[in-house]
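If you want the building blocks of each chain, they are given just below.
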Amino acid sequence: MKYILSTITILICGVFATTAQGQDSKLTGTVIGTLKSVDYSTNTASTTVNTRECAFDDNLNTYFAAYDRSFAWVGLDLGEPHVITRIGWTPARRSRGNERILLGVFEGANTPDFMDALPLYIITEIGSYGIMDYANITCSKGFRYVRYVGPSDERCNIAEIEFYGHAGEGDESNLYRLTNLPTVSIHTENNVEPYDKIHDINALITIISDKDKKLRTDSGTVRLRGNKSISFPKKPYRIKYSSKHKVLDSPAKAKKWTLINNYGDKTLMRNLLAFELSRCLEMPYTPYGQSVDVLVNGEYKGNYQLCDHIDVRKNRVELVDTLAEERDDPLSTAFLIEADARASTEDCWFTSKKGTPMTIHYPDDDEITPQQKTYIEDCFNALEEDWKKTLDLNTFIRHFLVGELSGNTDTYWSTYMYKHRENDTIFTGPVWDFDIAFENDQRTYPINSKKDFVYRSGGSNTGNMRTFVDNIIVRDAEAKAKMQEIWAKARETTVTERHLVDFISQQEENLQESQKLNFMRWPIMNELVHENPKVWGSYTAEVQNVRQYMSERLLWMDKKLGYTYKPNGIADVTLDTTLPYQIYDLSGQSYTDDVQRLPRGIYIVKQGSNTRKIQVR
């Protein structure tokens, strides 16, 4: 689809609109957009019937219909930047025309290829034939080029479009987000839609956040990512920036980031909930994740999670980089590996002596030496042969508990492990991929009716992983005692029903606006997709399923691990801060007199004659 200027210029028609910024004219300019239209009588391409000029001819009975079913658009070259203050539109008078505008997006740009485009508005209501709908626009930036991008598979059917505004460069003091979540808008070179995991497409990536006040636009590339998830209609993406930087409030500074598509997870929060379990169980590194709305070339794609890409760097998997002069010395090798059922599709992988397929993620494919690869294989083979010599039991158990508490079928289908250069200890983590966890897999549903752990009761285990885990969790008394100790401490501090249910409810509230748009774009709420065990029928019911599962799973885990939950007098305390109080740690030492400054933990609060334990999460 190419950008082509029309030879037709629309005349000023004298229509005005009153906005919060005063009286702004109906704008005119040169019609631009998708050149080929469709002649519905022959279902062939045309340049004379249903053309883009019909969207600006002041005739509500004519309409533009593109020959391209998706990524079609129509707009105006205004000749100079204008601040848009109002937009009007009406649907085409044809079959389902009033529905075909749903999720249509208006954008403004200052380059004719719209690579620098920002969203102005998304249509969320069905239109009415012959009636113009209007929306006031809050974006304060001026644009020379404005357009309407039709929703997917609808041929950009539109009868009439109107833009109102005034000339000016404007500023970035106020921008537009699709919902309360950050908006990630990706524009690719030549409007090429990402199509596989191999080819990186040049792109500009824009993130709008912080109450519509913060804009970040950076160059980079985008491609598809994932394994099973790449086959879904809603595609997952990998972003690679041209230079390292942080996104939103992420801890890591990096080039690579992931956009997880959540297609089979109708709560849109399962990965974020699992990451919270990882934090509660004090894993050394928990991936960053943030719910966002995504646009690609002006087309709304849905709700995603913007997350870390699992790699080696500060604030991700922190390994000391292997110096170039040491690469031929295998004893200097730090590594990040993955027990990976799909390892054979990767560039650098091996199969262990016990049959476990392993992907080597670090050192990188183009840097690893044959000596290093042999050393890594030897390390993992030795781990499988005698785990007590090199396995870090602490991270393995915590990783195991996250997998079992979440009911993740794929915990040992894909398991990350890493080793530092300075010693032989192999650590487990980070946690990753929970779209079918939390009671979302028909192969293990209902999880809490099973008497054994998920990985032993229908879970997917690649290679020798089930036996490997059995040797630790089932057969080793020391490991079982360690697991009970970790679980007991977590249950009495961070892994509480109240905290986890509150977290789910907070995510539910935060996702309300976005989930409505997402399931308008992907109307699958009443369908079984991926491994869904059941149709719950609404977003509220989907979330309630997870909430109920979480409460029941805590009790299941308590019973399985032989633990009786004891609150130990810990309670939420309402303090009268106008009166004196004192805080002590559990050893009885005076801690502080400011409850707002307490780090996570358990404390004793004394105020007057009242003494209570409190938990800070």
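Residues numbered from 1 in each chain as written. Predicted model: local features only at pLDDT ≥ 70, side-chain atom pairs only at ≥ 80, totals over all residues. Heavy atoms only, no water.

Observations regarding the packing of helix H3 (residues 393-406) against helix H4 (residues 465-474)
Point 1. Relative to each other, H3 and H4 sit at 105 degrees, their axes nearing to 12 Å. One finds that H3 runs roughly perpendicular with respect to H4. Contacts from Leu-393, Phe-396 and Phe-400 in H3 reach Phe-468, Val-469, Ile-472 and Ile-473 in H4. (Axes fitted to C-alpha atoms, helices over the stretch in contact; angles between N-to-C directions. Helix = DSSP H or I, 4+ residues; strand = E, 2+ residues; numbered from the N terminus. Parallel < 35°, antiparallel > 145°, perpendicular 65-115°, else oblique. Contact = heavy atoms within 4.5 Å.)

Some words on the side chain of Thr-221
Point 1. Counting through the fold element by element, Thr-221 comes out in strand S15 (residues 214-224).
Point 2. The exposure class of Thr-221 is buried, given its relative accessible area of 14%.
Point 3. Setting aside its immediate chain neighbours within four residues, Thr-221 contacts Asp-200, Ile-201, Asn-202, Ala-203, Ile-205, Arg-238, Ile-239 and Lys-240. (Buried < 20%, exposed > 50% of the residue type's maximum accessible area, 1.4 Å probe, protein only.)

Re the pattern of salt bridges
Point 1. According to the stated counting rule, one finds 35 salt bridges in the structure shown.
Point 2. With a closest N to O distance of 2.8 Å, Glu-377 and Lys-373 form a salt bridge. Separated by four residues within a single helix, Glu-377 and Lys-373 lie in helix H2 (residues 370-385), roughly one turn from each other.
Point 3. Ionic contacts of the salt-bridge type, sharing partners, join the residues Asp-452, Arg-456, Arg-466, Asp-470 and Lys-560 into one network. (Salt bridge = Lys/Arg side-chain N within 4 Å of Asp/Glu carboxyl O.)

Some words on the environment of Asn-261
Point 1. By the element assignment, Asn-261 lies in the loop between strand S17 (254-260) and helix H1 (270-280).
Point 2. Sequence-wise, Asn-261 and Ser-229 are 32 residues apart; in three dimensions their C-alpha atoms are separated by 7.5 Å.

Here we look at empty space enclosed by the protein
Point 1. As enumerated under the stated definition, the model contains three cavities of 30 Å³ or more in all.
Point 2. There is about 60 Å³ of room inside the second largest cavity.
Point 3. In terms of lining, the second largest cavity is formed by His-399, Gly-403, Asn-408, Asp-410, Thr-411, Ser-414, Val-431, Trp-432 and Phe-434.
Point 4. The residue makeup of the lining of the second largest cavity, split by class, is three nonpolar, five polar and one charged. (1 Å grid on protein atoms, 1.4 Å probe; cavity = no way out; pocket = protein on both sides within 12 Å on 5 of 7 lines; lining within 4 Å. Points joined across faces, edges and corners; volume = space filled by probe spheres on them. Nonpolar A, V, L, I, M, F, W, Y, C, P; charged D, E, K, R; others polar.)

Observations regarding the sheet that holds S15
Point 1. Ordered by their spatial adjacency, seven strands build a closed barrel running S13-S14-S15-S16-S17-S19-S18, and the pairing between neighbours is mixed. The mean angle between the axes of side-by-side strands here comes to 35 degrees, regardless of whether they run parallel or antiparallel.
Point 2. Here eight bridges tie strand S18 (residues 289-296) to strand S19 (residues 299-308), and the two strands are oriented antiparallel to one another. In the sheet register, Gly-289 faces S19, and the bridge partner there is Cys-307. (Pairing = 2+ DSSP bridges.)

Here we look at the layout of surface pockets
Gaps left between atoms are located by rolling a probe of water-molecule size over the structure's atoms.
Point 1. Each pocket or cavity is described by its volume, and for the second largest pocket that value is around 310 Å³.
Point 2. Lining the second largest pocket are 14 residues, and of these Asp-249, Arg-279, Tyr-288, Gly-289 and Gln-290 lie nearest its centre.
Point 3. The set of elements that each furnish at least two residues to the lining of the second largest pocket consists of H1, S18 and helix H6 (497-510).
Point 4. Across the lining of the second largest pocket, the residue classes tally to six nonpolar, six polar and two charged.

A short note on a positive patch on the surface
Point 1. The grouping of Lys-240, Lys-244, Lys-246, Lys-253, Lys-255 and Lys-314 at the surface amounts to a positive patch.
Point 2. Mapping Lys-314 onto the fold places it in the loop between S19 and strand S20 (335-340). (Patch = residues over 30% accessible without salt bridge, like charges linked within 9 Å, V, L, I, M, F, W, Y side chains within 5 Å. Areas by Shrake-Rupley, 256 points an atom, 1.4 Å probe, with all protein chains shown as cover. Lys, Arg positive; Asp, Glu negative; His and termini not counted. Charge placed at Lys NZ, Arg CZ, Asp CG, Glu CD.)

Observations regarding the pairing of S20
Point 1. Burial of S20 is extensive: six of the six residues sit out of reach of the surface.
Point 2. A two-sided burial pattern is seen for S20, the buried positions comprising Phe-335, Ile-337 and Ala-339 on one face and Leu-336, Glu-338 and Asp-340 on the other.
Point 3. Relative to strand S22 (residues 357-362), S20 runs antiparallel, the two sharing four bridges. From the neighbouring strand, Ala-339 faces S22, where its bridge partner is Met-358.

Side note on the packing of H1 against H3
Think of two packed helices as two axes; the pair is described by the angle between the axes and how far apart they sit.
Point 1. Where H1 meets H3, the closest approach of the two axes is 9 Å, and the angle between their N-to-C directions is 140 degrees. Taken together, the axes of H1 and H3 are oblique relative to one another. As H1 packs across H3, the resulting crossing turns out to be right-handed. Between H1 and H3, the contacting residues are Ala-274, Leu-277 and Ser-278 on the first element and Val-402, Leu-405 and Ser-406 on the second.
Point 2. The residue makeup of the contact of H1 with H3, split by class, is four nonpolar, two polar and no charged. (Left-handed = near helix turned anticlockwise from the far one by under 90°.)

Topic: the confidence of the model for the chain
Point 1. Chain-level pLDDT for the chain is 91 on average; 88% of the residues reach the 70-or-more range.
Point 2. pLDDT under 50 marks residues 568-572. Its contacts with residues more than four places away, or in other chains, come to 15 contacts. (pLDDT = per-residue confidence, 0-100.)

Side note on unusual backbone geometry
Point 1. The linkage connecting Tyr-362 with the following residue, Pro-363, adopts the cis geometry, with an omega of 5 degrees.
Point 2. For the bond running from Gly-429 to Pro-430, omega is 5 degrees, close enough to zero to count as cis.
Point 3. The topology assignment puts Pro-430 in the loop between strand S24 (426-428) and H4.
Point 4. Positive phi, close to 55 degrees, is recorded for Asn-50, a residue that is not glycine.

Re the environment of Tyr-145
Point 1. Its location among the elements puts Tyr-145 in strand S11 (residues 142-149).
Point 2. Residue Tyr-145 is classed as buried on the basis of its relative accessible area, which comes to 6%.
Point 3. In this structure, the C-alpha to C-alpha distance between Tyr-145 and Pro-81, residues 64 residues apart in sequence, is 7.5 Å.
Point 4. A polar side-chain atom of Tyr-145 sits 3.3 Å from a polar atom in the side chain of Arg-144. (Polar contact = N/O pair within 3.5 Å; in protein donor to acceptor, adjacent residues only side chain to side chain.)

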